[in-house]
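As a plain string of letters, each chain reads:
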Amino acid sequence: MAKRFDIARLPGFAPIALLSFVALYLPIFTLVGYSFNAGNSVAVWSGFSLHWYSAAWANETVKAATLRSLSIATLASAIATVIATMAAIGTTRRRAFKGQTLIYVAINQPLMVPEIVTAVALMIFFGMLKQVTGYQGLGYLILAHAAFCIPFAYLPIRARLEGMDLSLETAAADLYASPWQTFRHVTLPLLGPGIAAGAMLAFVISLDDVVITEFVKSGGQDTLPTYMLGQMRRAITPEVNAISTLLLGLTVALLTAFFLLTRKRG
Amino acid sequence: MSQTNAIEARHTIKAFGQGDSAHRALDDVSITIRKGEFFTLLGPSGCGKTTLLRLIAGFEMPTAGDILIDGAEVTDLPPNKRPVNTVFQSYALFPHLTVAENVGFALKMLGRPKAEVAEVTARMLALVKLEHLAGRKTAQLSGGQQQRVALARALAPHPKVLLLDEPLSALDLKLRKEMQVELKRLQMETGITFVFVTHDQEEALTMSDRIGVMSAGKLQQVGSPREIYTRPVNRFVASFIGETNFLPAKPVAGGVKLGCGAVVEAEGEGHTLTVRPEQLRLVAANEPGAIAATVENLVYFGTDTHLNLRLSDGEALVARVQSPPTGDAGFAMGQAVGVTFLPGAARLIRD
Ligand SMILES: Nc1ncnc2c1ncn2[C@@H]1O[C@H](COP(=O)(O)OP(=O)(O)OP(=O)(O)O)[C@@H](O)[C@H]1O
Ligand SMILES: [Mg+2]
C-alpha cells in the first residue's frame, strides 16, 4: 500500500508552519514586552518598568470594568453551563426524536451566525425591553453573554457524555437508583470534568467578547475589552498592554486547566 | 399455589426493529425458574440469552408476554423497582467510587442507615475475600478482583434473584475454574436464586441445578444437566451439549431399523437415532446382534481413544473407549469390529 498522505511531509511545510507561528505569536510577545515599557509609547522602548501595571491598578475605571467583566463572565458562564448540561443530556440520553437536528442547530447558532448580526438583533430586542421595563442593569449583558456561551459549554459536555459507558447508568438503575439518583450519583460525578471544562471555556469566551457587548451595553457598562477599545480611539499607552497581558495570563491559565480536564486519562 | 417461583416468563416475545425488518430475539419463550436454584441459560451466540436477562432485569420491555418475579407481575416496573440484581459481563463498576462504595451503592440508594451500609459492605467484602482492597479505586484492580467486586455489589442488597451474564468469559482458564467454584459456594451460602448465562456447555453441566437450552430465540429444552445430556429432545440440544452420533432410523416391530439393516432398541420418537460415543461397546466382528463396522481412524486423547467407524451403508460413527494402562486400545486401522449400544443409550429424536 502507498504511504498515507501526510501534510507534514510536503516540501515547504516547516517554513510555512514557522512563519504562521511567528505571525501569530510575535504581536502577542511584542504586546507583552511593551507592557513593561518605562516610557509612554507602545513603539519606542525606553527601559523596564512595572509603571503601567500600577497605573492600570490605580485607575478606578479599569477596576470597575474588570469587576464588571468578571461578574458578567461568572454569571453568564454559570447560566450557559447549566443550560448546556441539560441540552447535552437531552440530546444524548434520549432516543433520537423528530426535530433533534433543529435543536442541535439552535444550540450552536451563535457559532454559525455572524456575531455582528446577533449583536444588532440583541441590541434592537433589548432596546425594546429597556423601553418597556425601564430596567437598564447588567442583566441584558449577562443574558446576551450566556446565550453565545452556550455552544462553547455544550461541546465538551456532550463529548464527555458520548464517551461515557452507558452500562454504568444501567448498573445504577439495576442497583435501585431512581433516575434522579442515577444522575446525581453516577452521571454527574463522571460528567464533572466535562462540565468544568465547558464552564471555563464559556468564561473565557465571555471575558473576551467585544462586539455583542459593545452593542448591548448601556452607558457606563464598559467591560474590560470595550474599555480598551475606547482607549484605543484616544491616546494609546502601554496601560492597554498591561491589561491585555493580565487578561492573556488568565486566559492561558484557564485554557491549560481546560486542556488538562478534557485530556483522556492515561 | 403455596410455593411461588423465583421467575416466570409467559409467552414472552421481544422483537427489535419495526415492520418487515423486525427480528424476534425472543420468540414465545415460557420459562419457570424455581426459588434457590442455580439455573443456567445455555445457547450459541445471538440466541437471545442476554435479551431474556435484560427483560427480567427490566432494561428492556417485552413486545408481548408477562414476566413475574417472586409471583408478582413486574412487566411494567422499571429496573430500580425490581428485586433482582445483575452482574454485567463488562462488570460496569463505578470508576469514581472505591471498592467499598461500589459494594454499598445499592443500600445507599435504598436509603438504609449508614451503619447498616457499612456492616453489609464489610460482610460482602469478606464473602468475596476482598477486605484488604476496600479503599481502592476499581481501575486499580485485576480482572478477577473486579469480578468479585461486581459480585459483592450485586449480592449486597440480597436480591431475590441474581442475574449473571457470562460473568466468567473475560477471565483466563485457571481463574475461571476458581470462580466457578466460588460462584457455587456463594450461591449455597446466600441461598439466592442464580440465573447464569453462558455459551460454555461444560460450565453449564458442572455448575447448574437446571439448564435451559436456547437456540434462535426459542427455548429448546429445560432440565437437569443429566436430563439434558442423556435425554435431549431434539437434534440441536443433542449436538450442542457434548459429542454425539446421529443415524437415520425407522421404527419397526421390535425396535428401530438403521440404514445398514441392523435392528436396535431405542426409546423416544422421531427418525434420527442418537447415541453418545462413550455409550458404544466394541466387540468381535462376528458377535451375534452386533452392528458390523470398520475402523477408519484412531485418535489417542490420553484418558481415552476415539475411533472413527464406518458402517456398511456408509454412515459414520464415533466410539470413545477408555485407554488401557499401556495406552494401546488394541485396534488397528481397517480392522472389522462389531458395535453394540449400552442398554438405554440409544434414543430417537426429532430434528
Ligand atoms: N438493542 C438491540 N437492537 C437490535 N437487535 C438486537 C438488540 N439487542 C439484541 N439484538 C439481537 O437479538 C438477538 C439476540 O441477542 P442477545 O444479545 O440476546 O444474544 P446472546 O444470546 O446474549 O448472544 P451472546 O452469546 O453473543 O451474548 C441477536 O440477533 C441480536 O443481534
Ligand atoms: Mg449475550
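By convention here, each chain's residues receive numbers from 1 onward along its written sequence. Whichever chain is written first is A, and whichever ligand is written first is 1; the rest continue in order. Restriction of local features to residues with pLDDT of at least 70 applies here, the model being predicted, together with a cutoff of 80 or more for giving and counting side-chain atom pairs; totals for whole chains, interfaces and linings are based on all residues. As a rule here, side-chain values come from all non-hydrogen atoms in the structure, and water together with hydrogens is ignored.

Bringing the overall build of chain A into the picture now. A tally of regular secondary structure across chain A gives 11 helices and 0 strands. Along chain A, helices (α) and strands (β) appear in the sequence α-α-α-α-α-α-α-α-α-α-α when read from the amino end. Taking the principal axes of the C-alpha coordinates as reference, chain A spans close to 70 × 65 × 30 Å. Relative to its 266 residues, chain A shows a buried fraction of 39%. Here, two residues are considered to be in contact whenever any of their heavy atoms come within 4.5 Å of each other. Looking at chain A alone, contacts between residues at least 24 apart form 71% of all its contacts between residues at least 6 apart. Note that accessible areas follow from Shrake-Rupley with a 1.4 Å probe, and for residues the cover is restricted to the protein chains shown. For chain A, the exposed area adds up to about 15,100 Å²; of that, 71% sits on carbon and sulfur atoms. Computing the positive centroid from 19 side-chain charges and the negative centroid from 12, chain A places the two 6 Å apart. The secondary structure listing takes helices from DSSP runs of H or I that are at least 4 residues long and strands from runs of E that are at least 2 residues long, numbered from the N terminus. Between buried and exposed lies partly exposed: a residue is buried under 20% and exposed over 50% of the maximum accessible area for its type, with that area taken using a 1.4 Å probe on protein chains only. Just so you know, the count uses Lys and Arg for positive and Asp and Glu for negative, and it drops His and the chain ends. Note that the charge is assigned to NZ on lysines, CZ on arginines, CG on aspartates and CD on glutamates.

Here we come to the site of ligand 1. All names here are of chain B. If you check the shell around ligand 1, you find Phe16, His23, Ala25, Ser45, Gly46, Cys47, Gly48, Lys49, Thr50, Thr51, Glu166 and His199 and nothing else. Between an oxygen atom of ligand 1 and a side-chain N or O atom of Lys49, the distance comes to 2.8 Å. Taken together, the elements giving at least two residues each to the shell around ligand 1 come down to β2 (23–33) and α1 (49–57). If you tally residues by element for the shell around ligand 1, the top one is α1, at 3 residues. We call a residue near a molecule or strand when any one of its heavy atoms sits within 4 Å of it. The definition of a polar contact used here is a pair of N or O atoms within 3.5 Å, where within protein one atom must be able to donate a hydrogen and the other to accept one, and adjacent residues in sequence count solely through side-chain atom pairs.

This brings us to the interface of chain A and chain B. Contacts between the two partners involve 17 residues from chain A and, on the opposite side, 25 residues from chain B. When the buried area of chain A at its contact with chain B is split by residue, Asp174, Leu175 and Tyr176 of chain A rank highest and sum to 44% of it. The salt bridge criterion pairs a side-chain nitrogen of Lys or Arg with a carboxyl oxygen of Asp or Glu, the two atoms within 4 Å. One can count 0 salt bridges joining chain A with chain B. Counting every contact that joins chain A to chain B gives 6 residue pairs in polar contact (both at pLDDT 80 or more). Any residue outside Ala, Val, Leu, Ile, Met, Phe, Trp, Tyr, Cys, Pro, Asp, Glu, Lys and Arg is labelled polar, Gly included; the first ten of those are nonpolar and the last four are charged. Its residues assigned to classes, the side of chain A that touches chain B shows 11 nonpolar, 5 polar and 1 charged. The buried area of a pairing is the accessible area, by a 1.4 Å probe, that goes missing from both parts when the two are put together, added over both.

Of the residues in chain B, 99% have a pLDDT of 70 or more, and the chain-wide mean is 90. Scoring the predicted complex yields pTM 0.79 and, for the interface, ipTM 0.81. Here pLDDT means the predictor's own confidence in every residue, given as a number from 0 to 100.

Let us now look at the UniProt feature "domain: ABC transporter" (unreviewed entry) in chain B. Within this structure's numbering, the places UniProt gives as "domain: ABC transporter" (unreviewed entry) are residues 7–241 of chain B. End C-alpha atoms of residues 7–241 of chain B are separated by 25 Å, and the span's content is 36% helix alongside 26% strand. UniProt positions are given in the numbering used here, feature names are shortened, and annotations may be inferred rather than shown by experiment.

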